[in-house]
Amino acid sequence: MADEDNDDIENMDINACRDKLRQLLAEKARRKEMTERLDEKIKALNNELAARREQAEEKKRILAELKQKNRELEEPEEGADKDRTLAVDPDIIRSHVEEFLRSQVPNGASGRGIKKKFEDTELMVNKPPDQQRKEAIVVDTVLVIYVPPNSEQRYKLSYRIDETTTVRQLRNDACAYWNVSEVEYILRSMRNSKLHDDMHLKDAFTYYDNGSLRTLPSKVKLEQKSPQQTTLSESELKAITAKSARPTRAKTQKEDAVEESGGPTDTTADFKENLAKVPGLYKLVMLRDRDFKGHRSKIKLRFFFLFGALLATTGISFNWRKPRTQEHQSLLGTQELMTWFDDTTGTISFGEVATRHQIFMWMESSFANMVFVNTSALRLFNYPHGHVALRQKRVKAIDPEDIWVEDAKRWCNRPGVEDYLGDKELQCTALRVNSETEDVDDKAVLYAAMLNNTNDSPEGRMPADDPLNPGRFLTAAEAAARYNVGDVAGEVQSYDAGGFYAVYDIHHFSREQFIRDLDTLEERGWLDEGSRLVDLALTLYNPGFDRWTTYDFVFEMPASGRVIPTVLSYVFRPNVFELAPGPGEDRALLEWFRGGLHACLITVMYTEIAARKSEKKSGWGSAAKSYFFGLYGILDTYILIQYVWLSLQWGFMLNARNPGLADSMEAAVEKSSETFYDWTSFGYGFETNFLLESVLFTAQCIRFVSLWRLHRPTFVVWQTIQRSLIHFMSYAVVCLPCFFAIAVVARATYGGQVEGFHTYTGSMTSLLNFLNADLPFDSMYVQHRLWTSFLMMWCMLGISLFVVQVFAAILVHYYVKSRIEFGFEPRSYEFTRSEWLDFIFPQAVHRAVRLMKNRYIRWKLKREEEKAEEERQARSRKAEVAG
């Protein structure tokens, strides 16, 4: 039988063994409790038996004495019958005394004062009825009955009291008399009601019943408290039932009507029914501690080390790839040199460009002086890589006969317009550049004029037979194939890679030649009313910071005649993992170690799913569904997939020790030295990867913080935030459309006057800045005073006050609810010894320890059996010898 039990234990898993152990411990506790109860019962019975024996002996003694007296009385003495009769009969004695007194009265005296008989009722004093009722309820002595626990025996004690004696004094004296703790005992009346300590004892024995004053016997019971009692007995319920202090009066007609209509006139209704009238209070009172401990089996000690290492390696990798302040210094220094005000020529800065002529002025002064001069401040610390590309995008003129061209939105040359404008000429061009409105006609004369600017061949620029020249249109597909040019996002619209290109070799083209070409372009009308974009692109390399910087100086020229200057710049490194030994190898090893840590996430997923399977007693499919559709499953899956995606991105973009990729990257760098190569898309992808790295770091941080749910106060806060966010989503369904409506009104109000409100997304961002006081209020108030006041009140009340206050109320509500349900007493959730072992060691260690324990038990049982067999054989040998 023992072997079968051992086999069963060996085949059980850790959870089954834990359940079996808990059952055995519970059974042991029940048996221990039953044994203690039986011992107490036996003690009580022994005490009662001893008391009954003493009582029986006392009764026997009294019976013997009475029998002896009876025998003495039955034996008559001679001559003593008359004396015995006198001693026994008091009437005879009284008659003799009266006769003697009457004989002693002098002659002539009246015998009226001497009565024949004396009546006891003549001694009674007649008092008023009120005084008699008052003296009837006066208590001066209380009988205290002590009931020991687990015993049927009762002890009694008389206690003298006065009008100032309190229940606390009596309880303390009674506990001191019977040598028990006054903390563990209370006093109850004969109606089984607990007496309050501050109550006077003279008031503890009266009560009103249907308007009549009733009195109780002046008796109290000293009983032990029962804190585990959760229900009231029938006598206690009867004692606490509300009683009327005076006779009930007749109901009025109004009260009868309310009662007939079903109104709430019953003040003694059920507690739960009355409490249900206040739903919020009812739900709060009905909350109970759920004793939730299911998350413990899902968290292991190794998870802390895993996610902590993931956080550390991701942070180190991010800092190695994007060192602090280096990108900022590399970008800001070069950008300021090319966009500042050139005091040597007195021209304007990049941000002040407002006309087409000022575009040429800036390129001929600040840009040319910094880029095409070897001794400039820019060239001393930065190496211009490759070429400079100047691009223009145009729209074609609209045919006067076709005035409804899509996206033109003009009504020029309509009948009556010419009379209205007089001799003025109206320029009709499309507002936006697209496939239908873009001007794609070649201008070969423009390129020939630029060739005539130099005596020799234009060294450094494209040869004459190359189709790429400022007078020939290049499609988007051709530009992407030759120069890797992508789309450019401006303030007005996004532009594709097509346009008219002029490419210059920075190292073989002088500043004077560049300025002559710009003058020729301006004289020949390269920019006119149909121009919508001018893009000047180049790439710089800073050897000090080991960073590349790509620039796009964009000038947008909408149909309003305004020029909008914008700088698009990105800082990047084409090759993060250097092929030469050194820091690059350390970074590569870090990435390999980081990849191994992310692979360990699979063990976390398995542990989570297995814990859910054991907790819910379900299959693997249901447990996996519950995990992957939960918060932690989504985070773990995102972390793993995002890292794989980023590793592939860094590998393809930054040749992570792959010869094929390295050759392609070297070919791209070599091509950018020979001709223009646009690195903007690469820089944008580089920055996007860093954004994804930051999101990955955030997900890992949330996952690491979620492990601290083992700490019960942290678990309460975690549940509070999680529940609050889920509940607040319902408010977002209302708040988000309202906020968008406010943005629409703001765009309609300030779209044409205030910067930042000309688009819907810009309006929403500006409103958020307005709530944070980061938006100039004066310009808004001057344009529309009434609407500005209206929007300000709407935003402040609807967004700042309502949303914030509602979220704060939800947060407080769920904190109180979570505190009650998940840990009002955090100490009751502390780990036991078995839970600590389960938390620290993995399942493999548990199985190994259980196997070793079972083997030890079997070895011990075997030794005991062998020892018993040896003793049996020894006894048999002794018996044989003795025989």
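Residues numbered from 1 in each chain as written. Predicted model: local features only at pLDDT ≥ 70, side-chain atom pairs only at ≥ 80, totals over all residues. Heavy atoms only, no water.

Topic: the state of the cysteines
In the structure shown here, the tally under the stated rule is 0 disulfides. No disulfide involves C735; its nearest neighbouring cysteine sulfur is the one of C738, lying 6.6 Å away. (Disulfide = S-S within 2.5 Å.)

Looking at a negative patch on the surface
On the surface, E864, E865, E866, E870 and E871 cluster together into a negatively charged patch. Of note, E866 is situated in helix α30 (residues 843–882). (Patch = residues over 30% accessible without salt bridge, like charges linked within 9 Å, V, L, I, M, F, W, Y side chains within 5 Å. Areas by Shrake-Rupley, 256 points an atom, 1.4 Å probe, with all protein chains shown as cover. Salt bridge = Lys/Arg side-chain N within 4 Å of Asp/Glu carboxyl O. Lys, Arg positive; Asp, Glu negative; His and termini not counted. Charge placed at Lys NZ, Arg CZ, Asp CG, Glu CD. Helix = DSSP H or I, 4+ residues; strand = E, 2+ residues; numbered from the N terminus.)

Observations regarding the sheet that holds strand β11 (residues 499–505)
One open sheet holds the 6 strands; their spatial order is β8-β11-β7-β12-β13-β14, and the pairing between them is antiparallel. Where the open sheet ends on each side, the last strands, each with one partner, are β8 (473–474) and β14 (564–572). As defined by bridge partners, strand β13 (residues 547–556) adjoins β14 across 9 bridges and the pair is classed as antiparallel. Within β14, the residue paired with E556 across the bridge is I564. Across the sheet, helix α13 (residues 356–371) touches β7 (383–394), β12 (531–542) and β13, and the angle it forms with β12 is around 10°. (Pairing = 2+ DSSP bridges. Contact = heavy atoms within 4.5 Å. Axes fitted to C-alpha atoms, helices over the stretch in contact; angles between N-to-C directions.)

Section: the pairing of β12
Taking burial as the measure, the 12 residues of β12 include 11 buried ones, the bulk of the element. Note that β7 and β12 share 9 bridges and pair antiparallel. Within β12, the position partnered with R394 by the bridge is S531. Inspection of the sheet shows β12 paired to β13 by 10 bridges, in the antiparallel sense. (Buried < 20%, exposed > 50% of the residue type's maximum accessible area, 1.4 Å probe, protein only.)

Some words on the pattern of salt bridges
Taken as a whole and judged by the stated rule, the model has 28 salt bridges. The partner of K393 in a salt bridge is E438, with the nearest N and O atoms 2.7 Å apart. Of the two residues, K393 is situated in strand β7 and E438 in the loop between α15 (417–421) and α16 (444–451); the sequence distance between them amounts to 45 residues. E438 shares its class with K393; the two are buried. With a closest N to O distance of 3.0 Å, R723 and E821 form a salt bridge. With R723 in helix α25 (residues 712–750) and E821 in helix α28 (residues 785–823), this pair connects stretches of sequence that are 98 residues apart. Bridged by salt links that share partners, the residues R321, E591, R594 and E693 form one connected network.

Digging into the confidence of the model for the chain
Considering every residue of the chain, the mean pLDDT works out to 76; 73% of them sit at 70 or more. Low pLDDT, under 50, characterises residues 455–465; the stretch is placed with 23 contacts to residues that sit more than four places away or in other chains. For residues 576–582, every residue scores under 50 in pLDDT, and the model assigns this stretch 18 contacts once sequence neighbours within four places are set aside. (pLDDT = per-residue confidence, 0-100.)

Observations concerning a nonpolar patch on the surface
A cluster of nonpolar side chains, contributed by V278, L281, L284, V285, M286, V717, I721, L725, L811, V812, Y815 and V816, occupies part of the molecular surface with about 930 Å² of accessible area. The dominant element in the nonpolar patch, judged by the number of residues it contributes, is α28, at 4 residues. For Y815, the location among the structural elements is in helix α28.

Brief notes about the sheet that holds strand β1 (residues 141–146)
The strand order across the open sheet built from 4 strands is β2-β1-β6-β3, with neighbouring strands paired in mixed fashion. A single partner strand is all that each edge strand has here, and the edge strands are β2 (155–160) and β3 (185–189). Adjacent strand axes in the sheet meet at a mean angle of 30°, parallel and antiparallel pairs treated alike. By the bridge criterion, 6 bridges tie β1 to β2 in an arrangement that is antiparallel. Each bridged residue has a counterpart across the sheet, and for I145 the counterpart in β2 is K156.

Quick look at α28
Spanning 39 residues, α28 covers 54 Å between terminal C-alpha atoms, matching the ideal 57 Å at 1.5 Å per step. Maximal helix bending in α28 amounts to about 30°, located at F802. T788, L791, C795, I799, V806, I810, Y814, S818, E821, F822 and G823 are the residues of α28 that are buried. (Expected span 1.5 Å × (residues − 1). Bend = angle between axes of the 7 residues up to and from the residue.)

With respect to unusual backbone geometry
Negative phi values dominate among residues other than glycine, just as trans dominates among peptide bonds. With a phi angle near 60°, N484 is a residue other than glycine that sits in the positive phi range. Take N484: it is sitting in the loop between α17 (476–483) and β9 (488–489). Unlike most non-glycine residues, D546 shows phi in positive territory, near 55°. Overall, D546 belongs to the partly exposed group, its relative accessible area being 27%.

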